[in-house]
Every structure is written in C-alpha cells, then in structure tokens.
Amino acid sequence: LQAAQSSIQSFAIIIGFSSSCTPSRTIMTQHSSLPADHAASSIDVLTFEQAMGRLEQIVTTLDAGNAPLEDAVKLYEEGKLLQARCDKILKDFEARIQIADEASDSPAR
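Cut-offs and rules
Residues numbered from 1 in each chain as written. Predicted model: local features only at pLDDT ≥ 70, side-chain atom pairs only at ≥ 80, totals over all residues. Heavy atoms only, no water. pLDDT = per-residue confidence, 0-100. Helix = DSSP H or I, 4+ residues; strand = E, 2+ residues; numbered from the N terminus. Contact = heavy atoms within 4.5 Å. Salt bridge = Lys/Arg side-chain N within 4 Å of Asp/Glu carboxyl O. Buried < 20%, exposed > 50% of the residue type's maximum accessible area, 1.4 Å probe, protein only. Axes fitted to C-alpha atoms, helices over the stretch in contact; angles between N-to-C directions. Parallel < 35°, antiparallel > 145°, perpendicular 65-115°, else oblique. Left-handed = near helix turned anticlockwise from the far one by under 90°. Nonpolar A, V, L, I, M, F, W, Y, C, P; charged D, E, K, R; others polar. Expected span 1.5 Å × (residues − 1).

1. Things to note about the confidence of the model for the protein chain
- Averaged over the protein chain, the pLDDT score is 76; the fraction of residues at 70 or greater is 62%.
- Mean pLDDT values for the elements of the protein chain range from 52 in helix α1 (residues 2–14) up to 95 in helix α3 (residues 48–64).
- Between residues 14–34, whose pLDDT stays under 50, and residues either more than four places distant or in other chains, the model counts 42 contacts.

2. Quick notes on the pattern of salt bridges
- Inspection of the entire model under this criterion finds two salt bridges.
- Between Arg-54 and Glu-78 there is a salt bridge, with its nearest N and O atoms 2.7 Å apart. Here the residue Arg-54 occupies a position in helix α3, and Glu-78 occupies one in helix α4 (residues 69–105), the gap between them amounting to 24 residues. Note on accessibility: Arg-54 and Glu-78 belong to one class, buried.

3. Quick word on the packing of α3 against α4
- α4 packs onto α3 with a crossing angle of 150 degrees between their chain directions and a minimal axis gap of 9 Å. It follows that α3 is roughly antiparallel to α4 by the angle criterion. In this structure, α3 meets α4 at a crossing whose hand is left-handed. Residues Phe-48, Ala-51, Met-52, Arg-54, Leu-55, Ile-58, Thr-61 and Leu-62 of α3 pack against Ala-72, Leu-75, Glu-78, Gly-79, Leu-82, Arg-85, Cys-86, Ile-89 and Leu-90 of α4.
- Looking at the contact of α3 with α4 residue by residue, the classes come out as twelve nonpolar, two polar and three charged.

4. Section: α3
- Spanning 17 residues, α3 covers 24 Å between terminal C-alpha atoms, matching the ideal 24 Å at 1.5 Å per step.
- With twelve of its 17 residues buried, α3 lies for the most part within the structure.
- When α3 is considered as a whole, its buried residues turn out to be Phe-48, Gln-50, Ala-51, Met-52, Gly-53, Arg-54, Leu-55, Glu-56, Gln-57, Ile-58, Val-59 and Leu-62.
- Positive backbone phi, at 75 degrees, marks Gly-65, one or two positions downstream of α3.

Next up, the structure:
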C-alpha cells in the first residue's frame, strides 16, 4: 500500500500536480467499480483541470491510508489513466504552442 501511495505521489509531482486545480464532481466521481474500458472512456473526456482534480482526490485518499488494498489498487490504476490523460493534453498543447511559435517566426509574404 505504501508503494502505491508513493507511486501516485511521484507521478503527480512529475506531471506538475497543482493544488490549485479543482475537481469536477459532475463528471468524475469515484468510479473504481466501473469496468476498465468505461473508466478509460470517462477519463478521455476530462479537461486537464478535471483530471488533475481527480488525481488530487486519489492522492488524498491514499495518503490517508484508510483504503482497503483492493480499493487502493483500483485507485492506483485510475491514477495511471489520469496521468496518461494529463500527459496527452500537455503534449497536445505543446504541439499547438510550437506551431504558433513557428508561424510567428516565419517571414510575412
């Protein structure tokens, strides 16, 4: 359990976890009992802020140390999906910024 908690905290820090992000309780509630494909499709519609907010909830839950092992593992799995979602969003934004920078650097015709 401590290893799962440590891993969640580590990847939250690596992807720039911010406590200023607020969770969207309307889209993401704890869905650890949903099938994995449904959970993934639910995560695929989240904004960056929503995914980070849910990740914050997971970290808080695991930090409390009260989750049964099965629940902790499900939360860890959800956290990994959230991490992938955040990574994808950040890469997409990075690509958009690069395109905008290249467009502004090119000489006008």
